[in-house]
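Coordinates in review
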Amino acid sequence: MVQELLSKPIWQMTGCELVTLLNSSREEVGVVNTQLETSQKAEKVLKHYEYGIRGIAKVFGCSIPTANRIKRSGKINSAIMQVGRKIIVDADMALKLVQRDRKGGKSNGI
């Protein structure tokens, strides 16, 4: 019925047909809005970034020298973005990498 109303000129519609068409478009827009909100909420899962060696120490709850050893070990390289001296660490990814490495049975002093 909605398809028939879409092809009919507005000036030929009855009031009831117009209300039906408007309500159906609101429902469709509501579904689209709900889907958009859901996808936006999924994208808003905030990444937790830390900065510098102190940030690494904060993520792992360790000292600065231990944070340096962790960085040098290469175990969290894919979680680190470094430009010059600026170090940005994706904290969640770094924790997952170390956890995965420990499950793998490797322990190189960390």
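Note that this is a predicted model, so its numbers are computed, not measured.

About the cut-offs
- Residues numbered from 1 in each chain as written.
- Predicted model: local features only at pLDDT ≥ 70, side-chain atom pairs only at ≥ 80, totals over all residues.
- Heavy atoms only, no water.
- Helix = DSSP H or I, 4+ residues; strand = E, 2+ residues; numbered from the N terminus.
- Buried < 20%, exposed > 50% of the residue type's maximum accessible area, 1.4 Å probe, protein only.
- Polar contact = N/O pair within 3.5 Å; in protein donor to acceptor, adjacent residues only side chain to side chain.
- Contact = heavy atoms within 4.5 Å.
- Core = buried A, V, L, I, M, F, W, Y, C linked by side-chain atoms within 4.5 Å.
- Axes fitted to C-alpha atoms, helices over the stretch in contact; angles between N-to-C directions.
- Parallel < 35°, antiparallel > 145°, perpendicular 65-115°, else oblique.
- Nonpolar A, V, L, I, M, F, W, Y, C, P; charged D, E, K, R; others polar.
- Pairing = 2+ DSSP bridges.

**Here we look at the side chain of E50**
Mapping E50 onto the fold places it in strand β1 (residues 49-51). Residue E50 is classed as buried on the basis of its relative accessible area, which comes to 11%. Here the side chain of E50 touches H48 through a polar contact of 2.8 Å, side chain to side chain. Each residue touching E50, except ones within four places of it in the same chain, is listed here: G55, K58, V59, I87, I88, V89 and A91.

**Description of the nonpolar core**
Considering soluble globular proteins, one finds that nonpolar side chains tend to be buried as a cluster. Listed in full, the 12 residues of the largest apolar core are I56, A57, A67, I70, I76, A79, I80, I87, V89, A94, L97 and V98. At the level of secondary structure, the elements contributing two or more residues to this core comprise α3 (52-60), α4 (64-73), β3 (86-90) and α5 (91-103). Looking at which element gives the most residues to this core, the answer is α5, with 3 residues. Beyond its immediate sequence surroundings of up to four residues, A67 is in contact with I53, I56, A57 and C62.

**Examining the packing of α3 against α4**
Put simply, α3 and α4 touch, their axes get as near as 8 Å, and they point 95° apart. The orientation of α3 with respect to α4, classified from their angle, is roughly perpendicular. Residues I53, R54, I56, A57 and F60 of α3 pack against I64, A67, N68, I70 and K71 of α4. Residues of the contact of α3 with α4, tallied by class, amount to 7 nonpolar, 1 polar and 2 charged.

**A word on the sheet that holds β1**
Overall, antiparallel pairing links the 3 strands, which are arranged β1-β3-β2 in an open sheet. The sheet terminates laterally at β1 and β2 (80-83), the two strands that pair on one side only. If you compare each strand with its neighbour and ignore which way they point, the axes differ by 20° on average. One ladder, built from 3 bridges, connects β1 with β3; its direction is antiparallel. By the bridge assignment for β3, Y49 is matched with D90. Those strands touched by α3 are β1, β2 and β3, and its axis lies near 130° from that of β1.

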